[in-house]
Amino acid sequence: SAVGIAAGVNLEGVSVYDTADVLNDEKIKDAMAGIDFNEPTKVAVFSREGKNSDDINTETLTFARDAHPEWISQDPEDYGDYWADGYFIITLSGDGQIGTYFGEDRKVSTGQMESIHKAGYEDFNLSRWTDGVIAVGAKGAKIMNRPWYKNPALWITTGVAGGAAGVTGLVAFGIRASRRKEFAAHLDSG
């Protein structure tokens with residue numbers, strides 16, 4: 001990795017296939033080398049010329065089958081229908097159309113995938129293709145196989161539940177104190 005870039009964790013390699021000639025390969029490799037991945041991951045970046053009307057998913061699969069069969073699961077039970085374990089594939093196509101593909105052991109939800117794509121939108125809108133791919137890679141690394149304790153939803157839910165429990169406890173203490181005073185008043189009058 002370059003001077004000044006922190007060493008990342010769990011990155012098993014970065015391959016850049018810039019068939020559209022729009023990416024800075026070295027910048028992508030240096031940036032990815034500084035990103036922490038939650039589990040060992042191979043990153044493949046593929047840029048292609050095309051139109052937004054192209055089916056980026058089909059185009060990426062065709063490229064993988066023709067040029068990089070290692071991206072596709074070789075397990076006979078998968079029949080070539082799944083991405084290989086350990087892979088995170090980023091495809092840039094046309095005027096900034098982005099596709100992300102994950103090995104079966106790296107899959108994310110549709111909502112998470114949308115947030116990964118959104119990470120690069122601002123750069124893509126400014127035609128900063130390399131920076132957009134790096135942003136997508138960094139966001140994907142943060143989300144893929146994220147340990148449960150790093151999930152922001154957990155901390156939000158825990159905070160809300162903790163706050164609700166605190167309010168409930170204060171209300172219970174208030175009711176008990178009120179009843180104690182009431183009981184003491186009745187005892188005195190008795």
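As shown above, the structure is provided for reference.
Everything numeric in this text was worked out from a predicted model, so none of it was measured. Position numbers for residues count from 1 along each chain, tracking the sequence in the order it is written. Predicted model: local features are reported for residues with pLDDT of at least 70 only, side-chain atom pairs are reported and counted for 80 or more only, and whole-chain, interface and lining totals are derived from all residues. The basis for every side-chain value is the complete set of heavy atoms in the structure, and neither hydrogens nor water enter the calculation.

## Topic: the packing of helix α3 (residues 110-125) against helix α4 (residues 129-143)
Between α3 and α4, the least distance of the axes is 7 Å, while the angle of their chain directions is 155°. Considering the angle they form, α3 stands roughly antiparallel to α4. For the pair α3 and α4, the crossing hand works out as right-handed. Along its contact with α3, which presents Q112, S115, I116, H117, A119, G120, D123 and F124, the element α4 presents W129, D131, G132, V133, A135, V136, K139, G140 and I143. Per-class residue counts for the contact of α3 with α4 are eight nonpolar, six polar and three charged. What counts as an axis is a line fitted to C-alpha atoms, over the stretch in contact for a helix, and the angles between N-to-C directions run from 0 to 180 degrees. Each helix is a run of DSSP H or I of at least 4 residues and each strand a run of E of at least 2, with the numbering of both proceeding from the N terminus. Should an angle fall under 35 degrees it is taken as roughly parallel, and over 145 as roughly antiparallel, whereas 65 to 115 is taken as roughly perpendicular and any remaining angle as oblique. Left-handed is the label given to a crossing in which the near helix is rotated counterclockwise from the far helix by less than a right angle, and right-handed is the label when the rotation is clockwise. Any two residues having at least one pair of non-hydrogen atoms within 4.5 Å are treated as being in contact. Note on residue categories: nonpolar means Ala, Val, Leu, Ile, Met, Phe, Trp, Tyr, Cys or Pro, charged means Asp, Glu, Lys or Arg, and polar means any other residue, Gly included.

## Brief notes about the side chain of T91
Within the secondary structure layout, T91 lies in strand β3 (residues 87-93). The classification of residues rests on relative accessible area computed with a 1.4 Å probe and restricted to protein chains. Under 20% of the type maximum is buried, over 50% is exposed, and intermediate values are partly exposed. You can call T91 buried: its relative accessible area is 0%. In protein, a polar contact requires one atom able to donate a hydrogen and another able to accept it; more generally it is a pair of N or O atoms within 3.5 Å, and residues adjacent in sequence count only if both atoms are side-chain atoms. A polar contact is formed between the side chain of T91 and the side chain of T60, at a distance of 2.9 Å. Here T91 is in contact with F46, R48, I56, T60, Q97, I98, G99 and Y101, once residues within four sequence places are set aside.

## Digging into unusual backbone geometry
Both trends apply: most residues other than glycine have a negative phi, and most peptide bonds are in trans. For S127, which is not glycine, the phi dihedral falls at a positive 60°. Take S127: it is sitting in the loop between α3 and α4. We note that N145 has phi near 50°; this positive angle belongs to a residue other than glycine. Along the polypeptide, N145 turns up in the loop between α4 and α5 (152-189). Assessed through its relative accessible area of 23%, N145 is described here as partly exposed.

## Some thoughts on the nonpolar core
Nonpolar cores are built from buried Ala, Val, Leu, Ile, Met, Phe, Trp, Tyr and Cys residues. Side-chain atoms within 4.5 Å join them into one set. Counting residues in hydrophobic clusters, the biggest one holds 24 residues, and the most contacted among them are L23, I28, M32, F37, V45, I90 and V133. Of all the secondary-structure elements, those providing two or more residues to this core are β1 (9-18), α1 (25-33), β2 (36-48), β3, β4 (97-102), α3 and α4. With residues near it in sequence (within four places) discarded, I28 still touches V14, V16, L23, V45, T130, V133 and I134. Within the second largest apolar cluster, twelve residues are counted, among which are F46, I72, W83 and A84.

## Considerations on helix α2 (residues 56-67)
By this rule, a helix spans an expected 1.5 Å times one less than how many residues it contains. Between its terminal C-alpha atoms α2 stretches 16 Å, which fits the 16 Å expected from twelve residues at 1.5 Å a residue. On its buried face, α2 sits against β1, β2, β3 and β4. Of the residues flanking the start of α2, the one acting as N-cap is D55, its side-chain oxygen 3.1 Å from the backbone nitrogen of N57.

## Observations concerning α3
An ideal rise of 1.5 Å per residue puts 22 Å on 16 residues; α3 measures up with 22 Å between its terminal C-alpha atoms. Throughout, the bend at a residue refers to the angle made by two axes, fitted to the seven residues ending there and to the seven starting there. Along α3, the helix axis deviates most sharply at A119, where the bend reaches about 30°. When α3 is considered as a whole, its buried residues turn out to be I116, H117, G120, D123 and F124. Those residues of α3 that are buried lie in contact with β3, β4 and α4. Phi for S127, located one or two positions after α3, is positive at around 60°.

Everything listed here is a matter of coordinates, which is why it stays silent on function.
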